[in-house]
Amino acid sequence: MGRINWRKYGLLIFSLPVVVLLFCASAFSSFLAPYDPYYLDVMYMLEGPSSGHLFGTDELGRDVLSRTIYASQISIVVGLIAVAIGMTGGTVIGITAAYFGGLIDNLLMRLMDILFSFPAILLAVILMASLGTSILNAMLAIGIIFIPGFARLTRAVTQTVQRQQYLEAAICIGVSGPRLIWREILPNVFGPVVVEAAVAFSYAVLLESALSFLGLGAQPPEPSWGNMINTGRGFIEQAPWISLAPGMALFLCVFSFNILGDGLRDLLDPKLNK
Amino acid sequence: MIRLILIRLLTFVPTVIVASMVLFVAVNVVPGSASKAALGIYATPQAVKRFEHQHGLDRPLVIQYVEWAGKAVRGNFGMSFQNAVAVGPEVKKRLPVTLQLAGMAFLVAVGLAISLGALAGFYHQRLPDVCITSIATLFGSVPNFWLATLLIYLFSLHLGWLPTGGYVPYSEDLVANLRGMILPSIALGVVSSGLLIRIMRTSLIEVMSAHFIETAQSKGISNFNLVIRHALRNALIPFLTVSAVEFGFLVGGVVILEDVFRIPGIGSLVLVGIINRDYPVLLAAAMVITMIVLVTNLLVDLLATMIDPRQVRARN
Amino acid sequence: MSIIGSTGGDVLEINGLSIELTGRGKTVGSIVHDVSLRIGHREIVGLIGESGSGKTIAAKSLIGLLPNRIRVTEGTAMFRGTDLFTLSPKAIRKIRGKAISVIPQDALHALNPVHRIGRQVGEPLSIHTDRSGSAIREIVLEYLAKVKIDNPRLRARQYPHQFSGGMQQRALTAMAVSTEPSLIIADEPTTALDVTIQAQIIALLKDLRDGTEASFLFISHDLGLVSTLCDRIYVMYAGEIVESAQGADIFSKPRHPYTRALIGSVPRLHENPDTLQIIAGQIASPFEHDSGCRFRARCSFAEDRCANPQPMRSHGGIHVSRCWIED
């Protein structure tokens, strides 16, 4: 067996198992969860952790572990779609700004700067209030928040690419605009955007939980890590375990996607590797 | 330098205007949502019409905005839908509470970042660096509302050292006020320190490889003074700019943490506005939070200009 | 081993200094090998070599500022009766900047951009003495005037970016002499500067030598520059001293092929520029040295016997060279 280059792959090796576990948990929830997450068992309300219920039961006697596993579905779906919205919107705006330059660039990026300076959670909360509380709207609200970040990133990368000589060469031999973007610019944008996406995903999961925690995201009885932690908060004295499993899951998820982002950054951009 | 400050102040005005427009649009993103929210979905069309007319909501959005902005500049945020009470004084009463919380939390974040970040940067790629970098990633990944829950469980319920929440004005009892603010500031600050520690570390590593550090070493300076006098100040310049952005994230966090700790600040007013479907309240609270962020960014920009003599020359 | 009979009045006497690059606990390369050098009272001694010859590393080892993974493995450096290499980090710090000071290379980046010149120049004094702030300020002004900075009172309040390169080097020089050290290490103090400014700095150093009790170790890659300044010159190649002599002798009677090549590559006004020699090849990497002459791969006189260790040979007086070639 060859030696593993820990400096290069260490973060990836550390984060990937958790990431895989997470996707498995959401894809195979019904196989993995020991109980029905909606099954109320009044005989076992606020039961502490035991061999029957590893992480105890909540105020309605539902199995905390099963609900935590099912809740990963919402986190993953919201994360994926919100990131997709932010990535698409941001990439289009970023490339447009860099491609046309001048006034369009100025206006678009000033707007992005202002959007970027809003506290993300505040914007999400307001959008949820006016759009109405639903998971679909949560994806939209969180996605919109990511647009400025991706726009800044793709604009910066596009501008760097534009200054490269091979692009001038491509223009000289008569490659047209859309083709230029498709063939020369997008492949260069890809790497940094993937890194940003991993970090944005962790942030999306965090924002969704925060919204659900405030009662503006997933609505009970549907389990989400945020609303489970909120429920647990109310019973923190009698049953601290209710918020323990979803809190740990949320924390692990955010942590490992952050590390994944760092790992990808090291892998894709050796210049940044310090 | 005065010209530079003036330019920065002039660009501040359009920024505030556009930011307030964005908020206004965000709140009114669905037409008629305000009235529907206030009256409930079963309201009769006549009732909706009357309500909209009464509050001027049937007019074009642009006119509504101009009217709202014109009053808001003078601190008049209109009347609450809920109880027809002026929103302005309520905001004014709650603002110091939020400023105190955000300020204390920022101190926690920056304090952790400068000390731990500088330590990690100084011991680059040695054990303290590895430990601190891991801790920073951990800090940055903890959801603040879960951390708050854990802190309450440990320090309030289990150990009984600090209150679980609530707010005592500092004019009444300073000690009780500070005791109540400790846990929320930590919950808010620790999360923000994650990124800031890493920024400080990178920044310090960069400065430590500068040639003037070697000059300072050749003077026989101690390691402690080397970092404090020569490296830290230079490293603070990029750090300040990032910390201003991070302050924005931190201030957003008050929306959640004021709720968790039952602190009557602007953040909880946002939620009050949402729960009561009271859009004048929501808009006012959101605008004030946004202003806190924008003003901080402005101040930090100006401060960065003054701390770095080179910037003064470069832009003059 | 001592090559030059030492006189009791030496300020610094380095004997058999070897510095190595270590990795994972074992030596991976030789950076400085068996260097011996002495500096007498108020002498200016030149240490000449290409970049990468180990001259800066050798100088840094004296004040305990070697980079990570680079260690002194052999040798002594007697400075005023103590061996610098045996001192604790704390003890060497007390000497650094006080008894031995440094005029750093790359003047344009050697000052901290966020501090005023006066404060930086006065820092060695505030570290090593317990003089009051105002007393230090007075000394700083005095030394700024000594290095011919006009209007020192105003200049001391300015920041480095308001100084020209030559002025920054003057300020750094003032800083180095202000603590009245016994030894000043000038590490390529003119490299980053224009040629006319270089001459001014050299003239300033000459003046200073006459006005202070300090000895100088002058490190340079430019033999022409140091020849008029130095009492004695050591020529270094790939971590070894290959020749040393009185300043004038190095120029008029170079012995080692490397020294000859160096002189050949100093262009002179009255010669046909076509005869300008360059030294072929590159300096050997510290990972490739054997016990033979380190210059032989680039030497036009190289023979089989060059693969044997080359002892120092005397050429009369203090003139020695590490080569078998007689004349």
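Residues numbered from 1 in each chain as written. Chains lettered and ligands numbered in written order. Predicted model: local features only at pLDDT ≥ 70, side-chain atom pairs only at ≥ 80, totals over all residues. Heavy atoms only, no water.

Overview of the overall build of chain C
Definition in use: What counts as a helix is a DSSP run of H or I of at least four residues, what counts as a strand is a run of E of at least two, and both are numbered from the N terminus. Radius of gyration: over C-alpha atoms. The globule rule applied is 2.2 Å multiplied by the number of residues raised to the 0.38 power. Classification of residues uses two cut-offs on accessible area relative to the type maximum, computed with a 1.4 Å probe and protein chains only: under 20% is buried, over 50% is exposed, and between them is partly exposed. Any two residues having at least one pair of non-hydrogen atoms within 4.5 Å are treated as being in contact. Reported accessibility uses the Shrake-Rupley method at a 1.4 Å probe radius. Residues are deemed covered only where the shown protein chains occlude them. A residue counts as positive if it is Lys or Arg and as negative if it is Asp or Glu; His and the chain ends are not included. Here the site of a charge means atom NZ of a Lys, CZ of an Arg, CG of an Asp or CD of a Glu.
Counting its regular elements, chain C contains ten helices and twelve strands. For 327 residues, the compact-globule estimate of 2.2 N^0.38 gives 20 Å, and chain C sits close to it at 20 Å. With respect to the principal axes defined by its C-alpha atoms, chain C has extents near 65 × 50 × 40 Å. Of all 327 residues assigned to chain C, the portion counted as buried reaches 55%. Once local pairs closer than 6 in sequence are excluded, the contacts in chain C between residues at least 24 apart make up 65%. Carbon together with sulfur atoms contributes 51% to the accessible area of chain C, which is approximately 14600 Å² in total. On chain C, the mean spot of the 37 positive side-chain charges and the mean spot of the 34 negative ones are 7 Å from each other.

Things to note about the overall build of chain B
Regarding its fold elements, chain B presents 14 helices and zero strands. In sequence order, the secondary structure elements of chain B are arranged as α-α-α-α-α-α-α-α-α-α-α-α-α-α. Expressed along its principal axes, the backbone C-alpha trace of chain B runs to roughly 80 × 55 × 35 Å. Out of the 316 residues belonging to chain B, those deemed buried represent 51%.

With respect to the interface of chain C and chain B
By a widely used convention, the size of an interface equals the accessible area lost when the partners come together. The line we're drawing: A quick way to say it: buried area is the sum, across both parts, of accessible area lost when two parts are put together, with a 1.4 Å probe. For this analysis, a salt bridge means a side-chain nitrogen from Lys or Arg found within 4 Å of a carboxyl oxygen belonging to Asp or Glu. Two N or O atoms form a polar contact when they lie within 3.5 Å of each other; inside protein one atom must be a possible hydrogen donor and the other a possible acceptor, and for residues adjacent in sequence the pair counts only when both atoms belong to side chains.
In this complex, chain C contributes 27 residues to the contact, which on the side of chain B involves 19 residues. Each partner contributes to the roughly 2200 Å² buried at the junction of chain C and chain B, and carbon and sulfur atoms together form 57% of this total. Counting the surface chain C buries against chain B, the share from its top three residues, Val114, Glu123 and His161 of chain C, is 26%. Remark: the boundary between chain C and chain B carries three salt bridges. Salt-bridge contacts for lysine 60 of chain C lead to glutamate 214 of chain B; the nearest nitrogen and oxygen are separated by 3.0 Å. On the surface where chain C and chain B come into contact, there are 14 residue pairs in polar contact (both at pLDDT 80 or more).

Some remarks on the sheet that holds strand β6 (residues 100–103) of chain C
Residue and element names in this part refer to chain C. Formally: At least two DSSP bridges between two strands are required for those strands to pair. All axes are obtained by fitting lines to C-alpha atoms, using only the stretch in contact for helices, and the reported angles, taken between N-to-C directions, cover 0 to 180 degrees.
Spatially, the eight strands line up as an open sheet ordered β6-β7-β8-β3-β9-β10-β12-β11, and their pairing is mixed. Each edge of the sheet is formed by a strand with only one pairing partner; in this case those strands are β6 and β11 (313–314). Strands in contact with helix α10 (residues 257–264) are β3 (44–48), β9 (232–237) and β10 (240–246); relative to β9, the strand with the most contacts, it is inclined by about 105°.

Structural notes on the nonpolar core
Formally: Residues grouped as a nonpolar core are buried Ala, Val, Leu, Ile, Met, Phe, Trp, Tyr and Cys residues, joined through side-chain atoms within 4.5 Å.
Counting residues in hydrophobic clusters, the biggest one holds 159 residues, and the most contacted among them are Val125 and Phe146 of chain A together with Trp68, Val260 and Val270 of chain B. If we ignore the near neighbours within four places in the chain, the residues touching valine 270 of chain B are Leu122 and Val125 of chain A together with Val255, Leu282, Ala285, Ala286 and Ile289 of chain B. Ile149, Ala174, Ile201 and Leu229 of chain C belong to the second-largest nonpolar core, a separate cluster that totals 59 residues.

Concerning the interface of chain A and chain B
Every contact between the two is made by 41 residues of chain A and, on the other side, 46 residues of chain B. Taken together, the links from chain A to chain B amount to two salt bridges. Note that arginine 233 of chain A is salt-bridged to aspartate 259 of chain B, the shortest N-O span being 3.9 Å. Inspection of the chain A/chain B interface yields six residue pairs in polar contact (both at pLDDT 80 or more). Counting residues per element, the ones that place at least two in the side of chain A that touches chain B are α4 (102–117), α5 (120–131), α8 (177–213), α9 (225–234) and α10 (241–268) of chain A.

Thoughts on the packing of helix α9 (residues 211–218) of chain B against helix α10 (residues 223–252) of chain B
All names here are of chain B. Put simply, the rule is: For classification purposes, angles smaller than 35 degrees are called roughly parallel, those larger than 145 roughly antiparallel, those between 65 and 115 roughly perpendicular, and all remaining angles oblique. By the definition used in this description, the sense in which the near helix is turned from the far one sets the handedness, with an anticlockwise turn below a right angle giving left-handed and a clockwise turn giving right-handed. Asp, Glu, Lys and Arg are counted as charged, while Ala, Val, Leu, Ile, Met, Phe, Trp, Tyr, Cys and Pro are counted as nonpolar; the rest, among them Gly, fall into the polar class.
Two elements in contact, α9 and α10, have axes separated by 11 Å at closest approach and are oriented at 165°. In terms of their interaxial angle, α9 and α10 are classed as roughly antiparallel. Between α9 and α10 the crossing geometry is right-handed. Contacts from Phe212, Ile213, Ala216 and Gln217 in α9 reach Leu226, His230, Ala231 and Asn234 in α10. Among the residues forming the contact of α9 with α10, the class breakdown is five nonpolar, three polar and no charged.

Observations regarding the packing of helix α3 (residues 64–100) of chain A against helix α6 (residues 135–163) of chain A
Two packed helices can be described by the angle between their axes and the distance between those axes. Residue and element names in this part refer to chain A. In contact at an axis separation of 5 Å, α3 and α6 are set at 35° when each is read in the N-to-C sense. Here α3 and α6 pass one another in a crossing that is right-handed. Looking at the contact of α3 with α6 residue by residue, the class counts come to 22 nonpolar, ten polar and one charged.

Here's the deal with the confidence of the model for chain B
Residue and element names in this part refer to chain B. We count it as follows: The predictor's confidence in any single residue is recorded as pLDDT, a number from 0 to 100.
The pLDDT averaged across chain B works out to 83; a share of 93% of its residues lies at or above 70. No element of chain B has a lower mean pLDDT than helix α14 (residues 309–315), which averages 47, and none a higher one than helix α5 (residues 87–122), which averages 90. Contacts of residues 312–316 to residues separated by more than four positions or lying in other chains number five contacts, the stretch itself having pLDDT below 50.

Here we look at unusual backbone geometry
With an omega dihedral of 10°, the bond running from proline 220 of chain A to proline 221 of chain A counts as a cis peptide bond. When you line up the elements, proline 221 of chain A lands in the loop between α8 and α9. The phi dihedral of arginine 42 of chain C is positive, around 60°, even though this residue is not glycine. Along the chain, the position of arginine 42 of chain C falls in the loop between β2 (26–40) and β3. One non-glycine residue, arginine 69 of chain C, lies in the positive phi region at around 70°. Relative to the elements of secondary structure, arginine 69 of chain C occurs in the loop between α1 (55–62) and β4 (70–79). Taking relative accessible area as the criterion, arginine 69 of chain C reaches 47% and is therefore assigned partly exposed.

Some points on the domain arrangement of chain B
Note the cut-off: Marked domain ranges trace back to an automatic or database domain assignment.
According to the domain assignment, chain B consists of domain 1 (2–72) and domain 2 (96–264). Each of domain 1 of chain B and domain 2 of chain B was reduced to a C-alpha centroid, and the two centroids are 36 Å apart.

A short note on the pairing of β2 of chain C
Residue and element names in this part refer to chain C. For β2, the tally of buried residues reaches eleven of 15 residues, placing the bulk of the element in the interior. Sheet topology note: the strand β1 (residues 10–23)/β2 ladder contains ten bridges and is antiparallel. Bridging from a neighbouring strand, isoleucine 19 pairs with valine 32 of β2.

With respect to the environment of alanine 210 of chain B
All names here are of chain B. By the secondary structure assignment, alanine 210 is in the loop between α8 (174–208) and α9. On the basis of relative accessibility, which here comes to 22%, the residue alanine 210 falls in the partly exposed class. Sequence separation of alanine 210 and valine 13 is 197 residues, and the distance between their C-alpha atoms is 38 Å.

Structural notes on the pattern of salt bridges
Under the criterion given, the structure shown has 17 salt bridges over all chains. For aspartate 129 of chain B, the salt bridge goes to arginine 201 of chain B, with nearest N and O atoms at 2.6 Å. Of this pair, aspartate 129 of chain B sits in helix α6 (residues 127–141) while arginine 201 of chain B sits in helix α8, placing them 72 residues apart in sequence. Residue aspartate 129 of chain B shares its accessibility class with arginine 201 of chain B, and that shared class is buried. Between arginine 294 of chain C and glutamate 240 of chain C there is a salt bridge; the shortest N-O distance is 3.7 Å. Of this pair, arginine 294 of chain C sits in the loop between α10 and β11 while glutamate 240 of chain C sits in strand β10, placing them 54 residues apart in sequence. Neither residue differs from the other here; arginine 294 of chain C and glutamate 240 of chain C are each classed as buried. Several salt bridges converge on common partners, so that one network encompasses Arg110, Asp113 and Arg152 of chain A.

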